[in-house]
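Close look at the chain arrangement
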Amino acid sequence: MNRKSLSIFSVLLLSLVFVLTACGGGGGNSAEPASSDDTKVAGSDLENATELTFWTFAGTHADFYVNAAERWNEQNQDKPIKLKVENYPFDQMHNNLLMALQSGSGAPDLVDIELAKFPNFLKGDIQLESLNDLIEPELDSFIAERLDIYSKDGNYYGAPTHLGASVVYYNTDIMEQAGVDIDSIVTWDDYVEAGKKVVEATGKPMTTIATNWYGIWPFVAQRGSDFFDENGEVTLDNEKNIETLQFIDDLVNKHKIAEIAPGGQYHSEEFYGAMNQGSQASLVIPMYYMKDFTTYMPDLKGKIQIRPMPKWSDSDYQSVTMGGTGTAVTNQSEHVDLAKEFLYFAKLSKEGNIQLWKELGFDPPRWDVWEDPQMREDNEYYQYFHDDIFDILLAIRENVAGIRLSEYTPDVLTEIDTNIMHSVLREQNLTPEEALKQSADTVRQKAGSKE
Amino acid sequence: MAELNANNRKNTLPLVKEKKGNKVLKFFNSQKVVPYIFVFPFIVSFAILTLYPTIQAIIMSFQRILPGQVEFIGFQNYERIFNQAFYKALTNSTVYMLLTVLILVTIPIILAMLLDSKLVRFKTFFRSALFIPALTSIVVAGVIFRLVFAESENAIANQIIGFFGFEPVSWQFNAWSGMLIMVIMASWRWMGVNVLYFLAGLQNIPKELYESAEMDGANLFQKFRHVTLPFLKPIIIFVTTISIIGGFRVFEESYVIWEGNSPGNIGLTLVGLLYQQGIQQNDMGFGAAIGVVLLLLIFVVSIIYLLMTGAFKRGDE
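Residues numbered from 1 in each chain as written. Chains lettered and ligands numbered in written order. Predicted model: local features only at pLDDT ≥ 70, side-chain atom pairs only at ≥ 80, totals over all residues. Heavy atoms only, no water.

**A closer look at the overall build of chain A**
Counted only if it meets this: Counting from the N terminus, the helices are DSSP H or I runs at least four residues long and the strands are E runs at least two residues long. Values of the radius of gyration come from C-alpha atoms, whereas the globule rule sets the reference at 2.2 Å times the count of residues to the power 0.38. For every residue, the accessible area (1.4 Å probe, protein chains only) is compared with the maximum for its type, and the residue is labelled buried under 20%, exposed over 50%, or partly exposed between those bounds. By definition in these notes, contact holds between two residues if any of their heavy atoms fall within 4.5 Å. In short, Shrake-Rupley with a 1.4 Å probe defines the accessible areas, and a residue's cover is counted only from the protein chains shown. Counted charges follow a simple rule, with Lys and Arg positive, Asp and Glu negative, and His plus the chain ends left uncounted. Each charge is placed at NZ for Lys, CZ for Arg, CG for Asp and CD for Glu.
Looking only at helices and strands, chain A features 17 helices and 15 strands. Its C-alpha radius of gyration of 24 Å places chain A within 12% of the 22 Å reference for a compact globule of 451 residues. For chain A, the spread of C-alpha atoms along the three principal axes comes to 80 × 75 × 45 Å. Counting all 451 residues of chain A, 59% fall into the buried class. Relative to all contacts within chain A whose residues are 6 or more apart in sequence, the contacts with residues 24 or more apart total 75%. Here chain A has roughly 17500 Å² of accessible surface; of this, 45% comes from carbon and sulfur atoms. Averaging the locations of the 36 positively and 73 negatively charged side chains of chain A gives two centres separated by 4 Å.

Rendered as structure tokens:
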């Protein structure tokens, strides 16, 4: 009978191993030392070049930085750099960075941090270098709202990748079919009326709403509201936000001029496919979506017009700066000054901003380059859309709203993803007020218990 | 004297050495020691890769952890655990566990018996075909499952149910269908592995028993009930135990389908919650506390199950 008890013992031991592995499983492979099979290097042939590592999660960004490093080496032959750009999947890169900064070793010199993740890195003793000495002398040339997103207590920690001005992309085929002149759409009320005509004439929805923050944040911020106030208090369930969510809910469930985005978001295969087939008349999203249009929706070439967002009756804002990546220098870098200089060169300088548009199709955060002749040179984006993209931006420059981030922004975004949009728009089992109050309480509870 | 000693040493040393060699060899060859040597590498890797992190996680669960600011906060993390999201995750993980245990124990037994019977041809082909999903990358599988169950009339799953006259379903956005996708994915992945366990068990059953049962006039079902099942019992207990554990620690299935957050938390699992809170929202102390609760939960459930099936009882009692 020895054998039997032995086998039971081994079952137990195995169970224990599985249980214990389960607990280690959460972090999983994220804690492993960094290695990437997708690495690009610039300046490897240069002697006495200083090596800088760069982590990013977007292949297009990696190309951009490699090109920037090559231009740097041409212009700065006295201090060449060897830039190693490592490209990781989105979650893995942010997890790795979190571990590296937490444990105090293994972080790169420079790193791309996505907006929604950025607040995670502004907690505790901040492990990123302040960029104030680069930014402050030229602060007037930037749309300041964009820089504030990556700042805390007066220090700027991230170099923006684009302005990310939210606009409306109209499908002119559908709008013409419905007999609506898009320039006559000035307010959101006009937009709703136009939407009714579109649905009547074509049977297609005026727009689709994503069930993540893209479906609510731009509208909320454009009204001059946000999820937090200037003191960091949760305002997710304030009057304006409830009204705004009610408006979105009405678009979908009352006026029936909007549907829920296929796949629930604007970056899914389902959405790209449907949009490309001309399934909706317009789309509200930041400018950086131009790249998605040219990459995933080739059939819409020449059929899309960009316009500012329609206005609310109680706010002058015509756009909101949304989404986007901030590039930071970590305090583990052995060459902080050089890394910062390169970062300025690549993304903050005039030249860098022009390259952001030329290479990536991003609306540069420096408005003083918008009129630069180099910006007006023909490229695939002008061919796909139209020539006056930056005239539109210049006209609304004073009316771009910013967003406010807090330590608890990731929590609010999770609530929007999982609860608010789902129960209000899809399930319709909560009113906008109930959903926002419920989620606001959840976040308040968390914030309160940690003080 | 010194000379004598030296002489002595010269004479005795080789002898001692030989004896010592024997002793060392004997020591390592003895039945009591050898097993420990064989398990030593496992023990070391277990201690470094599992035991140490576990202890560390327990310590972390009592801390608030931020870069440069680590402090003990007592039971504060545990006080925050039992909220709505946790109960949702607990429910999801439990339902998932029950369904996968049910499916991944019964169906593999039937499949294993088919593969073991003389009636089925191309056995090796089926055996490997069933096993291949276990080797497939879960990420790749996730992409394919997402496309199969996409929110579109043209998605494969909707075409299939459309063939039977049903309306298209938004698979990834309903609680029941979300769970269904996860269970189908887990079943598809682990079916082959469990079939192998049961096949091994079946091959250990002496054929004479079936013969004598036949002579006693037992039919197919009686043979299964009174011969096959009792012999498979240890395997069933083993497979059920690892399925319980695997069910509670489910993470990948949910993660690859929804890529993070699921609508209405329909795909939120306990480990998913740990990941969301601990890593995505940078609250590692809280994440560790969830992990410790999960550890206790799995431990208690497994022990109860093993007690109920009598796995602790000695056979001679």
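**Quick notes on the confidence of the model for chain A**
The line we're drawing: pLDDT runs from 0 to 100 and stands for how confident the predictor is about each residue.
Model confidence for chain A is summarised by a mean pLDDT of 88, while 91% of its residues fall at 70 or above. Between residues 11-34 of chain A, whose pLDDT stays under 50, and residues either more than four places distant or in other chains, the model counts 35 contacts.

**Some details on the side chain of A:Ser141**
All names here are of chain A. Tracing the sequence through the fold places Ser141 in the loop between α4 (132-135) and α5 (144-148). Residue Ser141 is classed as buried on the basis of its relative accessible area, which comes to 14%. Setting aside residues up to four positions removed in sequence, Ser141 forms contacts with Pro365, Arg366, Trp367 and Asp368.

**Observations regarding the packing of aromatic side chains**
Note the cut-off: Any Phe, Tyr or Trp ring, taking Trp's six-membered ring, that has another such ring centre within 6.5 Å forms a pair; planes under 30 degrees apart are called stacked, those over 60 apart edge-to-face, and the others tilted. Distance and angle both matter: a charge sits over a ring if NZ of Lys or CZ of Arg is within 6 Å of the ring centre and within 35 degrees of the ring normal.
Counted under the stated rule, the structure contains 45 aromatic pairs over all chains. Residues A:Trp188 and A:Trp312 carry aromatic rings whose centres are separated by 5.8 Å and whose planes lie at 40° to one another, so their mutual orientation is tilted. Here A:Trp188, found in helix α7 (residues 188-202), pairs with A:Trp312, found in the loop between β12 (304-308) and β13 (319-320); they are 124 residues apart in sequence, far enough to count as distant. A residue is classified by how much of its surface remains accessible, and A:Trp312, at 9% relative accessible area, is buried. Taken together, a centroid distance of 6.1 Å and an interplanar angle of 70° make the contact between A:Tyr214 and A:Tyr266 edge-to-face. Of this pair, A:Tyr214 sits in the loop between β9 (207-209) and α8 (217-222) while A:Tyr266 sits in the loop between β10 (258-260) and α10 (269-276), and the two are 52 residues apart along the sequence. Considered together, A:Tyr214 and A:Tyr266 belong to a single accessibility category, that of buried residues. Ring pairs connect the aromatic residues A:Trp213, A:Tyr214, A:Trp217, A:Phe227, A:Tyr266 and A:Phe271, which therefore count as one cluster. The cationic tip of A:Arg223 hangs over the ring face of A:Trp312; the distance from NZ or CZ to the ring centre is 4.6 Å. The positively charged end of B:Arg121 is found above the aromatic ring belonging to B:Phe122, 5.5 Å away from the centroid.

**Points about the interface of chain A and chain B**
Put simply, the test is: Computed with a 1.4 Å rolling probe, the buried area is the accessible surface lost when two parts are put together, summed over both parts. The rule for a salt bridge is simple: a side-chain nitrogen of Lys or Arg has to be within 4 Å of a carboxyl oxygen of Asp or Glu. Here a polar contact is recorded for every N or O atom pair within 3.5 Å, except that within protein the pair must consist of a potential hydrogen donor and a potential acceptor, and residues adjacent in sequence are included only if both atoms are side-chain atoms.
The interface of chain A with chain B comprises 48 residues on the first partner and 53 residues on the second. Regarding the contact of chain A and chain B, the summed buried area is about 4600 Å², with carbon and sulfur atoms giving 60% of it. Taken together, the links from chain A to chain B amount to 1 salt bridge. Where A:Arg426 meets B:Glu151, a salt bridge forms, and the shortest distance between an N and an O atom there is 3.1 Å. At the junction of chain A and chain B, the tally comes to 17 residue pairs in polar contact (both at pLDDT 80 or more). Those elements that provide at least two residues to the side of chain A that touches chain B are α1 (2-25), α3 (90-103), α10, α16 (409-426) and α17 (432-449) of chain A. The element best represented in the side of chain A that touches chain B is α1(A), accounting for 13 residues.

**A few points about the domain arrangement of chain B**
Residues and elements named next belong to chain B. Note the cut-off: Boundaries between domains were set according to an automatic or database domain assignment. Any residue that is not Ala, Val, Leu, Ile, Met, Phe, Trp, Tyr, Cys, Pro, Asp, Glu, Lys or Arg is counted as polar, Gly included; the first ten are nonpolar and the last four charged.
Segmenting chain B into domains produces domain 1 (13-60) and domain 2 (80-308). On a C-alpha basis, the centres of domain 1 and domain 2 stand 37 Å from each other. Taken together, the contact between domain 1 and domain 2 spans 4 residues of the former and 5 residues of the latter. When the area that domain 1 buries against domain 2 is broken down by residue, the three leading residues are Ala57, Ile58 and Met60, summing to 89%. Remark: the boundary between domain 1 and domain 2 carries 0 salt bridges. At the boundary of domain 1 with domain 2, the tally comes to 0 residue pairs in polar contact (both at pLDDT 80 or more). Its residues placed into classes, the side of domain 1 that touches domain 2 shows 3 nonpolar, 1 polar and no charged.

**Here's the deal with the packing of helix α2 (residues 59-75) of chain A against helix α13 (residues 350-360) of chain A**
Residues and elements named next belong to chain A. Short version of the rule: Axis geometry follows a simple rule: fit a line to the C-alpha atoms, using only the stretch in contact for helices, then measure angles between N-to-C directions, giving values from 0 to 180 degrees. Angular relationships are summarised with four words: roughly parallel below 35 degrees, roughly antiparallel beyond 145, roughly perpendicular across 65 to 115, and oblique for the angles in between. By convention, the crossing between two helices is left-handed when the near helix turns anticlockwise from the far helix through less than a right angle, and right-handed when the turn is clockwise.
At a closest axis distance of 11 Å, the pairing of α2 and α13 adopts a crossing angle of 140°. Taken together, the axes of α2 and α13 are oblique relative to one another. Regarding α2 and α13, the two cross each other, and that crossing is right-handed. Along the contact surface, α2 presents Thr60, His61, Asp63, Phe64, Asn67, Arg71 and Gln75, while α13 presents Glu351, Gly352, Gln355, Leu356, Glu359 and Leu360. A class-by-class count of the residues in the contact of α2 with α13 yields 3 nonpolar, 6 polar and 4 charged.

**Points about the sheet that holds strand β3 (residues 81-87) of chain A**
All names here are of chain A. As a reminder of what qualifies: Being paired, for any two strands, means DSSP has found at least two bridges between them.
The sheet built from 6 strands is open, its strands ordered β1-β3-β2-β4-β14-β7 with mixed pairing. Pairing within the sheet leaves two strands with one partner each, and these edge strands are β1 (39-42) and β7 (159-160). Relative to strand β14 (residues 325-329), strand β4 (residues 110-114) runs antiparallel, the two being bridged by 5 bridges. Looking at β14, one finds that Leu110 is bridged to Val329. Together, β1, β2 (50-56), β3, β4 and β14 form the strand contacts of α2, whose direction differs from that of β3 by roughly 180°. In the packing of helix α12 (residues 336-348) onto the sheet, contacts are made with β2, β3, β4, β7 and β14, and the angle to β14 comes to roughly 155°.

**Points about the pattern of salt bridges**
Working definition: two side chains of opposite charge can pair if their charged atoms are close together. This structure, assessed with the given rule, holds 26 salt bridges over all chains. One salt-bridge network, held together by shared partners, links A:Glu138, A:Arg366 and A:Asp368.

**Quick notes on α3(A)**
We apply this condition: Expected span of a helix, by definition, is 1.5 Å for each gap between consecutive residues, and there is one gap fewer than residues.
When the terminal C-alpha atoms of α3(A) are compared, their 20 Å separation across 14 residues agrees well with the 20 Å that a helix rising 1.5 Å per residue should span. For α3(A), a buried count of 10 out of 14 residues is recorded, marking the element as mostly surrounded by other parts of the structure. Buried residues of α3(A): A:Asp91, A:Met93, A:His94, A:Asn95, A:Asn96, A:Leu97, A:Leu98, A:Met99, A:Ala100 and A:Leu101, and no others. Where α3(A) is buried, its residues touch β2 and β4 of chain A together with α11 (252-258), α12 (270-280) and α13 (284-308) of chain B. Positive phi appears at A:Gly104, one or two residues downstream of α3(A), with a value of about 85°.

**As for unusual backbone geometry**
Of note in the backbone geometry, A:Gln428 takes a positive phi value of approximately 55° without being a glycine. The topology assignment puts A:Gln428 in the loop between α16 and α17. For B:Asn282, which is not glycine, the phi dihedral falls at a positive 50°. Along the chain, B:Asn282 turns up in the loop between α12 and α13. Owing to a relative accessible area of 2%, B:Asn282 belongs among the buried residues under this scheme.

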